[in-house]
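Chain and residue survey
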Amino acid sequence: MSRNALTVSGEPVPEALTLAAEWQDLESRSRPTVFLSWQWIGEWLAVYRPNAMLLRVKEQGRVVGLGIVVETTERRHGVLHSRCLRLHQMGDRFLDQIWIEYNGFLAEYGYQDAVSEACLAYICREWRDWDEFILGAIEQQEADHYATVTGLHPHIRWEAPCYGVDLNALRRSGIGYLDLLSRNTRHQIRRARRLYEERGEVRLVRPDSVDQALAMFDEIGPWHLRRWGSGPDESGFANPDFVRFHRTLISNQWANGGVDVIAVKVGEQVIASFYNLLHEKTVYFYLGGMHVETDNRLKPGLVGHALCIEDYRHHGFQYYDFMGGEERYKSNLGQLHCRLVQVALQRDRFKLRLEDVARRARHRIRHEFGAGQQS
């Protein structure tokens, strides 16, 4: 496809209604994930009100790319100060615990590489007073492309595989979801389902109102806290900013079908609950809570996910995305489809080179110490 030269400008983020119209117009010409849709970005701006800059990419007056950049200072090791730019994140561990995935620039379909290259060139050329451009969580392939076109050093801060279920392929196959799984996983789910059915009917229950949806989301909290812990960077339910963001998201998006809250019931007992984001016929499993069973043959999470996947398939959804994570159930229930990373694209700064040397030395010492313990 031949294109005219792209122009990039940066300005403070405009008033929400103005930006909403522009963002949604571009979104209609794009194929974004939920995290680059106005459904997520609009709520992020409304709840956190970042002091941010809007990057706008145009081709002959038509907007073909947008992105929102936040400038922060990060302090590490007690002595190192790094001036950071972040894409669609605040630079605060508590405010960023909502954890955007599949991040990047919003671009008209077919312009993805051109838009990212234009934005990166603008940032490197026009904004001089920064040390690191931090992107996360972004697909590994895209992060590699960003590093290549800028020539900046990529430091990977976090990485994880992504698993999911192609519901379109499942429909075309004409077989049930369980038939796609390993013999062991299939056996565990069927055995648990039979044991649960001895107690009562196993079914999915959804809220009838936004108030019920909020109540069901709140009820996940104690289970999630028990599973992940209440400390920093553990369960988001221990973080008031996390809870505030998602309650706002549910309040504004549930009626439009942008979020889904589901309880898995056996008789009248809830054994699992799930909170999912929905966008363009894709289900993004965001979090869940499970009843703790004393009988290890009972698998509320596996049974719940299997029921949800069949239900979403029945309702015409195209993909069930477990998103980033090393948890074993994700690999048991889905197929690997990409890797996500949080990457810091670093300028050539002495302090960052020194930090990298120290980091590598620390990793080598830990590796050698671990090998020595094993021997």
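Residues numbered from 1 in each chain as written. Predicted model: local features only at pLDDT ≥ 70, side-chain atom pairs only at ≥ 80, totals over all residues. Heavy atoms only, no water.

**Some details on the nonpolar core**
Nonpolar side chains tend toward joint burial in soluble globular proteins. One finds Trp40, Tyr275 and Leu277 to be the most contacted residues of the largest nonpolar core, which totals 51 residues. The dominant element in this core, judged by the number of residues it contributes, is helix α2 (residues 38-48), at seven residues. For this core, the two domains that each supply at least three residues are domain 1 (6-152 + 347-367) and domain 2 (163-337). Among residues more than four places away in sequence, those in contact with tryptophan 40 are Val34, Phe35, Ile98, Ile100, Phe245, His246, Leu249, Leu277 and Tyr286. One finds Leu181, Val266, Ala306 and Tyr312 within the second-largest nonpolar core, a separate group that totals 33 residues. (Core = buried A, V, L, I, M, F, W, Y, C linked by side-chain atoms within 4.5 Å. Buried < 20%, exposed > 50% of the residue type's maximum accessible area, 1.4 Å probe, protein only. Helix = DSSP H or I, 4+ residues; strand = E, 2+ residues; numbered from the N terminus. Domains from an automatic or database assignment. Contact = heavy atoms within 4.5 Å.)

**Focus on helix α4 (residues 140-150)**
Taken residue by residue, α4 has Ala143, Tyr146 and Ala147 as its buried positions. Burial along α4 is one-sided: seen end-on, the buried residues are contained in an arc of 95°. Residues of α4 that are exposed and point more than 90 degrees away from the buried face comprise Gln141 and Thr148. On its buried face, α4 sits against α3 (112-126), β6 (132-139), β7 (153-166) and β13 (335-346). Remark: glycine 151 follows α4 within two positions and exhibits a positive phi of approximately 75°. (Arc of directions from axis to C-beta.)

**Considerations on the domain arrangement of the protein**
Entries for the protein in the domain assignment read domain 1 (6-152 + 347-367) and domain 2 (163-337). In this structure, domain 1 and domain 2 have C-alpha centres spaced 30 Å apart. The interface is formed by 20 residues belonging to domain 1 together with 25 residues belonging to domain 2. Buried surface at the junction of domain 1 and domain 2, both sides included, amounts to about 1,900 Å², of which 56% is carbon and sulfur. (Buried area = accessible area lost by both parts, 1.4 Å probe.)

**Observations concerning the pattern of salt bridges**
Opposite charge on two side chains permits them to pair, given that their charged atoms come into close proximity. A complete count under the given rule lists 35 salt bridges for this structure. Ionic pairing is found between glutamate 268 and arginine 203, a salt bridge with its closest N-O pair at 3.4 Å. Residue glutamate 268 is located in the loop between β9 (259-266) and β10 (269-279), and its partner arginine 203 is located in strand β8 (residues 202-205); the two are separated by 65 residues in the primary sequence. When its relative accessible area of 64% is taken as the criterion, glutamate 268 is described as exposed. In this structure, arginine 359 engages glutamate 355 in a salt bridge whose closest nitrogen and oxygen atoms are separated by 3.4 Å. Of this pair, arginine 359 and glutamate 355 are both found in helix α11 (residues 350-374), four residues apart, which corresponds to roughly one turn of the helix. Each member of the pair, arginine 359 together with glutamate 355, is buried. (Salt bridge = Lys/Arg side-chain N within 4 Å of Asp/Glu carboxyl O.)

**Quick notes on the UniProt feature "domain: BioF2-like acetyltransferase" (unreviewed entry) in the protein**
When the UniProt feature table is mapped to this numbering, "domain: BioF2-like acetyltransferase" (unreviewed entry) covers residues 183-331. As a span, residues 183-331 carries 45% helix and 26% strand, and end to end its C-alpha atoms are 14 Å apart. (UniProt positions renumbered as here; feature names shortened; annotations may be inferred.)

**A word on the environment of glutamine 140**
Mapped onto the elements of the fold, glutamine 140 is located in helix α4. Separated by 201 residues in the primary sequence, glutamine 140 and valine 341 have C-alpha atoms spaced 5.7 Å apart.

**With respect to the pairing of strand β11 (residues 282-290)**
Looking along a regular strand, one sees the side chains alternate between the two faces of the sheet. Of all nine residues in β11, eight are buried, a share of seventy percent or more. Both β10 and β11 contribute to a ladder of eight bridges, which runs antiparallel. Across the sheet, residue leucine 277 finds its bridge partner in β11, namely tyrosine 284. Judged from the three bridges that link them, β11 and strand β12 (residues 319-324) form a sheet pairing that is parallel. Bridge pairing in β12 links threonine 282 to tyrosine 319. (Pairing = 2+ DSSP bridges.)

**Comments concerning the environment of glutamate 71**
Checked against the element boundaries, glutamate 71 lands in strand β3 (residues 62-76). The spatial distance from the C-alpha of glutamate 71 to the C-alpha of alanine 52 is 7.0 Å, given a sequence separation of 19 residues. When residues no more than four places from it in sequence are discounted, the contact partners of glutamate 71 are Cys84, Leu85 and Asp129.

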